[in-house]
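Spelled out from the first residue to the last, the chains are:
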Amino acid sequence: MARVVVNMPKQARRGEIIEIRTLAGHTMETGFRRTQHGELVPRDIITLFTCSYNGAEVFRAELHPAIAANPLIAFHTIATESGTLEFRWSGDNGYSATHSAAITVD
Amino acid sequence: MTTRRQFLVLAGGTIAAGAAQAQLPPNIEALRKAALADAVRKSTGGAEVRRGRVKLDVPPLIDNGNSVALVVEVESPMTAADHVKAIHVFTEKNPQPYIITARFGPRAGRARITTRARIADSGLIIAIAEMSDRSFWSDSVSVVVTLSACLEDGLI
Amino acid sequence: MSIRVLRLFLLLAFACSASAEIPLAERRSGYQDMGRETRAMQDDDAINPATLWVLDGEALWARRAGAAARACADCHQDARVSMKGVAARYPAFDAAARKVVNLEQRINLCRVERQQDKPLAYESHELLALTAYVARQSRGLPIQVESSERTRATLEAGRAMFLRREGQLNLACAQCHDERAAHRLGGTVIPQGHPTGYPIYRLEWQGVGSLHRRMRNCMVAIRAEPYALGSREYVELELYLMWRARGMLLETPGVRP
């Protein structure tokens, strides 16, 4: 499921601090679980999340196996100007997901 | 007769080979404490960590350790001159101590991160904030994790 | 024992179990037994992980499938209109199939007969996503399944199963979920067991799952051989549980521990 959901305001006043809430569909397999036969289930997690605002990175999070499945990451950023926010998730086994959202700042 | 030293060496050898076994090593608590201390040291560079300025919000009694709501907020003007650079979150009873590291700059507005963690057992969750002046501040919460009464045992 | 004594005994036994039924006004959704943070997770679509499944369901609704190259939307148009109230009355009697079917089975009947495609496997991501999307359209509506001549046999079979002791632990659903609801089992509050939010995002599963999956968990827990997903037995029990929850509001997609 390369499915992500991003919730953020479509418009804001200049200088306003907005909250952005994101969800990514991912099992976040820890690498510590074992099968019924005792074999270790290999780790498969999202390791990095970044948010860029008109090309400048404004937030970054490094994730570990202790992050619950279907990770929620919510953070804030200052609405500085109109433009595009780019969200990127990457992880084990070449996992990659992106999302773009436009914001109007007046 | 096995001397105490011989016994400890044998035990150490068994622990080293433990990766192939499903049993946890007998000194697991000591190992995890050491791993946590090591992770904190790596994140702080060995600097002093003071309590304060950080507010870690976790429910003290947890419905299910698979998904624990976690909010960390740090008081800071978040200016270019004075801001939170990173928030590191750890836990003491998990197989590995790291939960998340969030990195901020003055464009963040607020030094606050919300996520959901997996907490394996009742114990401490620790949040450490790294400031732009290279000081470190922390908060910790002791949580109680209850398990689901009816476990699935891998059956769908 | 004479037949008369036996009949009296059975009548008394049934009366006793019937009197353990939770009064309608005292029914609680599992939602009320959860911590504040878990309730917040359900209430807010932006942080409810089941939103991922609902969105996938929305995409599937519009996708053409099968030999008929037909999408759900081709017949049912906007789900927000056409599916409103549907999940609240399922399981329902299907005239063509001449039996009570649940929502998952109804979706598959459409897939096979209208889209001319293979049915979606029970508990598959696609079936869960579609079911979650359809049921989501009834969120906030009161549960109201049919209790009539044509559903009577199914309902009675479901009730009988709810009251019947099963498994090595020899427990009936009623003993935990009627008689001991709100008490604790191993630190967890025992819910009354109303299926008000299915398909749910269960923290224990770290994913979305169906009522039948949840019922299988219960049966494994009492060391009984569980019935198959989509089995007649579970549809009967599902109908009874939805009837038992009549009037309670649907919360799909629910979050539960």
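All values reported here derive from a predicted model rather than from experimental measurement.

1. Some words on the overall build of chain B
Right, so step 1: Each helix and strand counted, chain B has two helices and nine strands in total.
Right, so step 2: If you list the helices and strands of chain B from N to C, you get α-α-β-β-β-β-β-β-β-β-β.
Right, so step 3: Within chain B, buried positions represent 36% of all 156 residues.
Right, so step 4: Pairs at least 24 apart in sequence give 64% of the contacts found in chain B among residues at least 6 apart.

2. Thoughts on the overall build of chain C
Right, so step 1: Regarding its fold elements, chain C presents eleven helices and seven strands.
Right, so step 2: Over its C-alpha trace chain C gives a radius of gyration of 19 Å, about what one expects of a compact globule, namely 18 Å for 257 residues.
Right, so step 3: Taken along its principal axes, the extent of the C-alpha atoms in chain C is 65 × 45 × 30 Å.
Right, so step 4: For chain C, buried positions account for 43% of its 257 residues.
Right, so step 5: Nonlocal contacts in chain C, meaning residues at least 24 apart in sequence, comprise 72% of its contacts between residues at least 6 apart.

3. Points about the interface of chain A and chain C
Right, so step 1: With twelve residues of chain A at the contact, the number on the chain C side is ten residues.
Right, so step 2: Of all the elements in the fold, those that place two or more residues in the side of chain A that touches chain C are strand S1 (4-7) and strand S3 (17-24) of chain A.
Right, so step 3: Of the residues belonging to the side of chain A that touches chain C, the class tally is six nonpolar, four polar and two charged.

4. Looking at the sheet that holds strand S6 (residues 207-209) of chain C
All names here are of chain C.
Right, so step 1: With respect to topology, three strands assemble into an open sheet ordered S6-S5-S7, the strand pairing being mixed. For this open sheet the edge positions go to S6 and strand S7 (255-256), each flanked by a neighbour on one side alone.
Right, so step 2: Pairing between strand S5 (residues 200-202) and S7: two bridges, direction parallel. Looking at the pairing, arginine 202 lines up with arginine 256 of S7.

5. Considerations on the interface of chain A and chain B
For interface size, the figure often reported is the accessible area lost on association.
Right, so step 1: Listed as interface residues are 25 residues of chain A and, on the opposing side, 27 residues of chain B.
Right, so step 2: Sorting the residues of the side of chain A that touches chain B by element identifies strand S5 (56-63) and strand S6 (72-78) of chain A as the ones contributing at least two each.
Right, so step 3: Of all the elements, S6 of chain A adds the most residues to the side of chain A that touches chain B, at seven residues.
Right, so step 4: Its residues assigned to classes, the side of chain A that touches chain B comprises 16 nonpolar, six polar and three charged.

6. Looking at the domain arrangement of chain C
Residue and element names in this part refer to chain C.
Right, so step 1: What the domain assignment lists for chain C is domain 1 (25-44 + 143-256) and domain 2 (50-136).
Right, so step 2: Measuring from the centre of the C-alpha atoms in domain 1 to the corresponding centre in domain 2 gives 22 Å.
Right, so step 3: Listed by partner, the interface residues are 24 residues for domain 1 and 21 residues for domain 2.
Right, so step 4: For the side of domain 1 that touches domain 2, the secondary structure elements donating two or more residues are helix H8 (149-163), S6 and helix H11 (232-244).
Right, so step 5: Per element, the largest residue contribution to the side of domain 1 that touches domain 2 is four residues, and it comes from H11.
Right, so step 6: Among the residues making up the side of domain 1 that touches domain 2, the classes are represented as 13 nonpolar, seven polar and four charged.

7. Digging into the confidence of the model for chain B
Right, so step 1: Averaged over every residue, the pLDDT of chain B is 86; the share at 70 or more is 79%.
Right, so step 2: Scored below 50 in pLDDT, residues 14-20 of chain B shows three contacts in the model against residues more than four places distant or in partner chains.

8. What about the pairing of strand S9 (residues 136-145) of chain B?
Residues and elements named next belong to chain B.
Right, so step 1: When strand S1 (residues 49-51) meets S9, the two strands line up parallel, connected through three bridges. Opposite arginine 51, over in S9, you have serine 138 as the bridge partner.
Right, so step 2: Strand direction decides the pairing type here: strand S3 (residues 61-62) and S9, joined by two bridges, are parallel. In the sheet register, leucine 61 faces S9, and the bridge partner there is valine 144.
Right, so step 3: In this structure, strand S8 (residues 123-131) lies alongside S9, joined through eight bridges in antiparallel fashion. If you follow isoleucine 125 over to S9, its bridge partner there is valine 141.
Right, so step 4: Hairpin connection between S8 and S9: a loop of four residues separates the two successive antiparallel strands, and arginine 134 in this loop has a positive phi of roughly 70°.

9. Comments concerning unusual backbone geometry
Right, so step 1: In this chain, tyrosine 90 of chain C is followed by proline 91 of chain C through a cis amide linkage whose omega measures 5°.
Right, so step 2: Looking along the chain, the bond that leaves tyrosine 198 of chain C and enters proline 199 of chain C is cis, with omega of -10°.
Right, so step 3: Position of proline 199 of chain C among the secondary structure elements: in the loop between strand S4 (188-189) and S5.
Right, so step 4: Residues other than glycine seldom take positive phi values, yet methionine 78 of chain B does so here, at roughly 55°.
Right, so step 5: Residue position: methionine 78 of chain B is located in the loop between strand S4 (68-74) and strand S5 (84-91).
Right, so step 6: Phi is positive for glutamine 116 of chain C, close to 55°, though the residue is something other than glycine.
Right, so step 7: A residue is classified by how many C-beta atoms lie within 10 Å of it, and glutamine 116 of chain C, with 13 of them, is partly exposed.

10. What about the packing of H8 of chain C against H11 of chain C?
Residue and element names in this part refer to chain C.
Right, so step 1: Where H8 meets H11, the closest approach of the two axes is 7 Å, and the angle between their N-to-C directions is 90°. As summarised for this structure, H8 and H11 are arranged roughly perpendicular, according to the angle between their axes. Residues Thr151, Thr154, Leu155, Ala157, Gly158, Arg159, Met161 and Phe162 of H8 form the contact with H11, whose own contacting residues are Glu233, Glu236, Leu237, Leu239, Tyr240 and Trp243.
Right, so step 2: Among the residues forming the contact of H8 with H11, the class breakdown is eight nonpolar, three polar and three charged.

11. Regarding the environment of serine 96 of chain A
Residue and element names in this part refer to chain A.
Right, so step 1: Tracing the sequence through the fold places serine 96 in strand S8 (residues 96-105).
Right, so step 2: Residue class for serine 96 comes out exposed when judged on the 10 C-beta atoms lying within 10 Å of it.
Right, so step 3: With 47 residues separating them along the chain, serine 96 and phenylalanine 49 place their C-alpha atoms 9.9 Å apart.

12. A short note on helix H2 (residues 36-43) of chain C
Right, so step 1: Among the residues of H2 of chain C, those classed as buried are Glu37, Thr38, Met41 and Gln42 of chain C. Relative to the axis of H2 of chain C, the buried residues are bounded by an arc of 145° and lie together on one face. Along H2 of chain C, exposed side chains directed more than 90 degrees from the buried face belong to Arg36 and Asp43 of chain C.
Right, so step 2: On its buried face, H2 of chain C sits against S4 of chain B together with S7 of chain C.

So, how was this worked out
- Residues numbered from 1 in each chain as written.
- Chains lettered and ligands numbered in written order.
- Predicted model: local features only at pLDDT ≥ 70, side-chain atom pairs only at ≥ 80, totals over all residues.
- Helix = DSSP H or I, 4+ residues; strand = E, 2+ residues; numbered from the N terminus.
- Buried ≥ 20, exposed ≤ 12 C-beta atoms within 10 Å, placed from the backbone.
- Contact = placed C-beta atoms within 7 Å.
- Rg over C-alpha atoms; globule rule 2.2 N^0.38 Å.
- Nonpolar A, V, L, I, M, F, W, Y, C, P; charged D, E, K, R; others polar.
- Pairing = 2+ DSSP bridges.
- Domains from an automatic or database assignment.
- pLDDT = per-residue confidence, 0-100.
- Axes fitted to C-alpha atoms, helices over the stretch in contact; angles between N-to-C directions.
- Parallel < 35°, antiparallel > 145°, perpendicular 65-115°, else oblique.
- Arc of directions from axis to C-beta.

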